[in-house]
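Single-letter residue listing:
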Amino acid sequence: METSMSYKRVVITKFGGPDVLQVVEEAALPEPQPGEVRIKVLATSAAFTDTMIRKGIYPGTRGKKPPFSPGYDLVGVVDKLGEGVTKLKIGQKVAELTVIGAYAEYICLHEDRLVPVPDELDAAEAVSMILTYITAYQMMHRLAHIHKGQRILVHGAGGAVGTALLQLGKTLDLEMYGTGSTSKQDLIASLGATPIDYRTEDFVERIRHLTGAGGDGGVDAAFDCINGKTFNGSFSLLKTGGTLVWYGMQLNSMWETLPLPFDMARLYLRTWFSNTRSTKFYSIAPWREDHADWFHEDLTALFGLLSQGKLNPVIDRRMSLDEAAHAHELIEQAAVKGKIVLVMNDQ
């Protein structure tokens, strides 16, 4: 007979600042329904997307009302099997893109959504593959179709997805340019990219000078998570056949800054009249639902690269579940190089 035990999770009590995150203790563990397994969570990300969910402005969770737990991804161990489960076994390490719910010591999920994780992988490094590296991998390979030796521009190159793009680019021997703040220039350079300080340099002019934009100059792909102000400059640097991939929207809302819709409209007009360069948008949650086979395939490939030592996730710090509110503060202060991971259950 299973002994009842309590567990901790973090809940958003109402939409707002980091102070709305509250650690609560549940009296009993959740029970898996038919087809589900209970997971003992080992690690989850603290990501910029989580801060948007906390504020109630993330498009993928519109209509969801507090209280609920944030937590976009997780790595954990199967702790209990629900009725009819056949694909997994107790003690098996698994991963999933949850969108919400992972800021918890235990959670129940359907077996069909879970991707096996090699036992030897560190949980914090493995969880870095899910939101961060899947985003980078799919933008690079499934949208921009980057090939060995090509040239790319990465905005926000010192952040979680930016560092993932640079590491993946290094495996393809890409020529890389990365924008970032002064404090992140050394990190960007260490990952094999030419750093550009967006606060003191004009990234368009710098890259034109370095690559001789025009002719064979410019970049084969640009990855832009900043805002509409950089989209047109990024697009102007594309070589013939190049692709601008934009994602993330590091804004409280697409419409919070008035010029953004006009910048985007202008960009789309440029794309419309260009038959040699393209613009694409990436959002991981819809892709996870529409292309579940790609998600499973790509995450498995990333776990393989991690096992082989070809990837080394930049983890700024590992924090406890109790420190979730402080993690959100650091993210919103742009004080993070790489990624913050929340670890639990004695990790």
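Up top is the structure.
Reading guide: rules and limits
Each chain has its residues counted from 1, running along the sequence as written. Confidence filtering applies because this is a predicted model: local features only for residues at pLDDT of at least 70, side-chain atom pairs given and counted only at 80 or more, and all residues used for totals across whole chains, interfaces and linings. Side-chain numbers here rest on the full set of heavy atoms in the structure, without hydrogens or water. For the purposes of this entry, the term helix denotes a DSSP run of H or I that reaches at least four residues, the term strand denotes a run of E that reaches at least two, and both are numbered from the N terminus. Accessibility here uses a 1.4 Å probe with only protein chains present; expressed as a share of the type maximum, an area under 20% marks a residue as buried, one over 50% as exposed, and anything in between as partly exposed. Residue contacts are counted whenever heavy atoms from the two residues lie within 4.5 Å of one another. For the accessible areas, the method is Shrake-Rupley and the probe is 1.4 Å, while residue cover comes only from the protein chains on display. Should DSSP find at least two bridges between two strands, the strands are taken to pair. To get an axis, fit a line to the C-alpha atoms, keeping to the stretch in contact for a helix; angles then go from 0 to 180 degrees between the N-to-C directions. Side-chain rings of Phe, Tyr and Trp, where Trp is taken by its six-membered ring, are said to pair if the distance between their centres is within 6.5 Å; with planes under 30 degrees apart they count as stacked, over 60 as edge-to-face, and otherwise as tilted. Angle categories are assigned with fixed cut-offs, so that under 35 degrees is roughly parallel, over 145 is roughly antiparallel, 65 to 115 is roughly perpendicular, and the rest are oblique. For any pair of crossing helices, the crossing counts as left-handed if the nearer helix is rotated counterclockwise from the farther one by less than a right angle, and right-handed if it is rotated clockwise. Polar here means any residue other than Ala, Val, Leu, Ile, Met, Phe, Trp, Tyr, Cys and Pro, which are nonpolar, and Asp, Glu, Lys and Arg, which are charged; Gly is therefore polar.

## Topic: the overall build of the chain
1) Next: On a plain count of helices and strands, the chain comes out with ten helices and 15 strands.
2) Next: Here the chain, with 347 residues, has 55% of them falling under the buried criterion.
3) Next: Taking the contacts inside the chain whose residues are at least 6 apart along the sequence as the reference set, 69% of them involve residues at least 24 apart.
4) Next: For the chain, the accessible area works out to roughly 15,100 Å², and carbon and sulfur atoms hold 51% of it.

## A closer look at the sheet that holds strand β8 (residues 151–154)
1) Next: As summarised here, the arrangement of the six strands in space is β10-β9-β8-β11-β12-β13, forming an open sheet in which the pairing is parallel. Of all strands in the sheet, those bounded by a partner on one side alone are β10 (193–197) and β13 (278–282). Here the average twist between neighbouring strands, direction ignored, is 20°.
2) Next: Across three bridges, the pairing between β8 and strand β11 (residues 219–224) is parallel. When the bridges of β11 are listed, Ile152 appears paired with Ala221.

## Considering the side chain of Thr179
1) Next: Turning to its location among the elements, Thr179 is positioned in strand β9 (residues 175–180).
2) Next: If we ignore the near neighbours within four places in the chain, the residues touching Thr179 are Leu153, Val154, His155, Gly156, Ala157, Gly158, Ile188, Ile196, Tyr198 and Phe203.

## Thoughts on the packing of aromatic side chains
How two aromatic rings sit relative to each other is given by the distance of their centres and the angle of their planes.
1) Next: Under the criterion given, the structure shown has seven aromatic pairs.
2) Next: For the ring pair Phe15 and Phe68, a centre distance of 6.4 Å and an interplane angle of 70° mean the geometry is edge-to-face. Of this pair, Phe15 sits in the loop between β1 (7–12) and β2 (21–26) while Phe68 is found in the loop between α1 (48–55) and β4 (73–81), placing the two residues 53 residues apart along the sequence.
3) Next: Here Phe68 falls in the buried class, since its relative accessible area comes to 5%.
4) Next: Ring geometry for Tyr58 against Tyr72: centres 5.9 Å apart, planes inclined by 80°, an arrangement best described as edge-to-face. With Tyr58 in the loop between α1 and β4 and Tyr72 in the loop between α1 and β4, this pair connects stretches of sequence that are 14 residues apart. The pair Tyr58 / Tyr72 is uniform in exposure class, with both members buried.
5) Next: Chaining the aromatic ring pairs together yields one cluster made of Phe231, Trp246 and Phe281.

## Structural notes on the packing of helix α2 (residues 123–143) against helix α3 (residues 160–171)
Between two packed helices, what matters for the description is the angle formed by their axes and the separation of those axes.
1) Next: Direction vectors running N to C along α2 and α3 enclose 55°, while the axes themselves pass 8 Å from each other. One element, α2, and the other, α3, form an angle in the oblique class. In this structure, the crossing between α2 and α3 has a hand that is right-handed. In this structure, α2 contributes Thr132, Tyr133, Thr135, Ala136, Tyr137, Met139 and Met140 to the contact, and α3 contributes Ala160, Val161, Ala164, Leu165, Gln167, Leu168 and Gly169.
2) Next: Counted by class, the contact of α2 with α3 contains ten nonpolar, four polar and no charged residues.

## Here's the deal with the pairing of β4
1) Next: Inspection of the sheet shows strand β3 (residues 36–46) paired to β4 by six bridges, in the antiparallel sense. Bridging across to β4, Lys40 finds its partner in Val77.
2) Next: In this sheet, strand β5 (residues 93–97) lies alongside β4 in antiparallel orientation, the contact comprising five bridges. Pairing of Val77 across the sheet is with Lys93, part of β5.

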